[in-house]
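Architecture and fold: a report
The lines below spell out each chain.
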Amino acid sequence: MYLKGPSPQHHDGSGLRVAIVHARWNESIIEPLVAGAKEKLLAAGVKESNIVVQSCPGSWELPIAVQRLISASQIQSNTSGAPSATDLLAASTSDLTSLTNSSSGPFDAVIAVGVLIKGETMHFEYIADAAVHGLMRVQLDTGIPVILGILTVLNEEQAKARAGIDGKGHNHGEDWGTAAVEMGVKRQEWG
Ligand code: DLZ
């Protein structure tokens, strides 16, 4: 059974800069989800050069990865070009990597993508709960919309259906891309 999503709205993403941060656990499911999100960003007009894709080991690491990426992009934009000596001294090692690797500008939205498949242990519940709360905290603390792209499923078959694999189900990554454009545009409008 599939629940009905939000009614579609069209938003122009040509002025947006968006990051996709994905976990590497369950990579065969992650890949189509990231591709689906990216496809919708491009379809809404987000420039390829304004889409940054980064990864972290697992869903547990998503909140800190998203938080540091947002922080690094804001340091970079405050410098409007080359970072100052003060910024470089204040930045951590991971900030420095982002400062030098990514094209410039703060992110208008970030999509956090992970796939948690319930196993025999309590790990699933602990990680899902912590990651979801962590991502909510990051978006409220930074004011940058963080799209919740974490699938929590009972088995691989459910995960495949939610990633649109084998022609079954629907690729939820597409919904996350669309949500990122809407929230990125609205964040710019609402300040
Ligand atoms: C440990 C673990 C387990 C059991 N399952 C998953 C999973 O299904 N999906 C996922 O994204 N990550 C999983 N992890 C890894 C944790 O998220 C984390 O990367 C490690 O505990 C290291 O901190």
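To be clear, the structure that these remarks concern was listed above.
Read on for a plain summary of the structure. Note that the structure is predicted; figures quoted are calculated from it, not measured.

1. With respect to the sheet that holds strand E4 (residues 146–153)
Ordered by their spatial adjacency, four strands build an open sheet running E2-E1-E3-E4, and the pairing between neighbours is parallel. For this open sheet the edge positions go to strand E2 (51–56) and E4, each flanked by a neighbour on one side alone. In this sheet, neighbouring strand axes are inclined to one another by 15° on average, regardless of whether the strands run parallel or antiparallel. Taken together, the six bridges between strand E1 (residues 18–23) and E2 define a ladder with parallel strand orientation. Looking at E2, one finds that Ala-19 is bridged to Val-52.

2. Section: the packing of helix H1 (residues 27–43) against helix H7 (residues 172–190)
Where H1 meets H7, the closest approach of the two axes is 7 Å, and the angle between their N-to-C directions is 40°. Our classification of the angle between H1 and H7 gives oblique. For the element pair H1 and H7, the recorded crossing hand is right-handed. For the pair H1 and H7, contact is made by Pro-32, Leu-33, Val-34, Ala-35, Gly-36, Ala-37, Lys-38, Glu-39, Lys-40 and Leu-41 and by His-172, Gly-173, Glu-174, Trp-176, Gly-177, Thr-178, Ala-180 and Val-181, respectively.

3. Details of H7
End to end, H7 covers 26 Å across 19 residues, agreeing with the expected 27 Å (1.5 Å per residue, within 8%). Of the residues trailing H7, Gly-191 is marked for its positive phi of about 80°.

4. Notes on the site of the ligand
Around the ligand sit 15 residues in total, of which Ala-23, Trp-25, Gly-58, Ser-59 and Trp-60 are the nearest. Elements supplying a minimum of two residues to the shell around the ligand: strand E3 (109–117) and helix H5 (123–142). Its residues assigned to classes, the shell around the ligand comprises eight nonpolar, six polar and one charged.

5. Structural notes on unusual backbone geometry
One non-glycine residue, Asn-26, lies in positive phi territory at about 60°. For Asp-166, which is not glycine, the phi torsion reads 60° and is therefore positive.

6. Thoughts on the nonpolar core
Counting 47 residues, the largest nonpolar core has Val-18, Val-21, Val-66, Val-110, Ile-111, Ala-112 and Ala-180 as the members making the most contacts within it. Taken together, the elements giving at least two residues each to this core come down to E1, H1, E2, helix H2 (62–78), E3, H5, E4 and H7. In this structure, Val-18 is in contact with Leu-41, Val-46, Asn-50, Ile-51, Phe-107, Asp-108, Ala-109, Ile-111, Ala-180 and Gly-184, ignoring residues within four places of it in sequence.

7. Here's the deal with the environment of Lys-186
Inspection of the secondary structure puts Lys-186 in helix H7. For the pair Lys-186 and Glu-125, spaced 61 residues apart in sequence, the C-alpha to C-alpha distance is 32 Å.

8. What about H5?
An ideal rise of 1.5 Å per residue puts 28 Å on 20 residues; H5 measures up with 28 Å between its terminal C-alpha atoms. Listing the buried residues of H5 in full gives Ile-127, Ala-131, Leu-135, Val-138 and Gln-139. End-on view of H5: buried residues confined to an arc of 90°, all on one side of the axis. H5 presents Glu-125, Tyr-126, Asp-129, His-133, Leu-140 and Asp-141 as exposed residues on the side facing more than 90 degrees away from its buried surface. Immediately downstream of H5, the backbone of Gly-143 shows phi near 80°, a positive value.

The rules behind the values
- Numbers given to residues run from 1 along each chain, matching the order in which its sequence is written.
- A pLDDT threshold of at least 70 governs which residues receive local features in this predicted model, and a stricter bar of 80 or more applies before side-chain atom pairs are shown or counted, although totals over entire chains, interfaces and linings include all residues.
- Two strands are said to pair when DSSP picks up at least two bridges between them.
- Helix and strand definitions here come from DSSP, where helices need a minimum of 4 consecutive H or I residues and strands a minimum of 2 consecutive E residues; each element is numbered from the N-terminal end.
- For helices, the fitted axis covers only the stretch in contact; all axes are lines through C-alpha atoms, and the angles between them, taken along N-to-C directions, range from 0 to 180 degrees.
- An angle below 35 degrees is read as roughly parallel, one above 145 as roughly antiparallel, one from 65 to 115 as roughly perpendicular, and any other as oblique.
- Handedness of a crossing follows from how the near helix is turned relative to the far one, being left-handed for an anticlockwise turn of less than a right angle and right-handed for a clockwise one.
- Our contact criterion uses C-beta atoms placed from the backbone: two residues qualify when those atoms are within 7 Å.
- By definition here, a helix of n residues has an expected span of 1.5 Å times n minus one.
- As used in this record, a residue near a molecule or strand is one whose C-beta atom, placed from the backbone, is within 6 Å of it.
- Classification used: nonpolar for Ala, Val, Leu, Ile, Met, Phe, Trp, Tyr, Cys and Pro, charged for Asp, Glu, Lys and Arg, polar for all others including Gly.
- In these notes, a nonpolar core means any group of buried Ala, Val, Leu, Ile, Met, Phe, Trp, Tyr and Cys residues linked to one another through C-beta atoms within 7 Å.
- Residues with at least 20 other C-beta atoms within 10 Å of their own are called buried, those with 12 or fewer are called exposed, and the rest are partly exposed. The C-beta atoms themselves are positioned from the backbone.
- In this description, the arc belongs to the directions extending from the helix axis to the C-beta atoms.

Coordinates in, geometry out; function isn't part of it.
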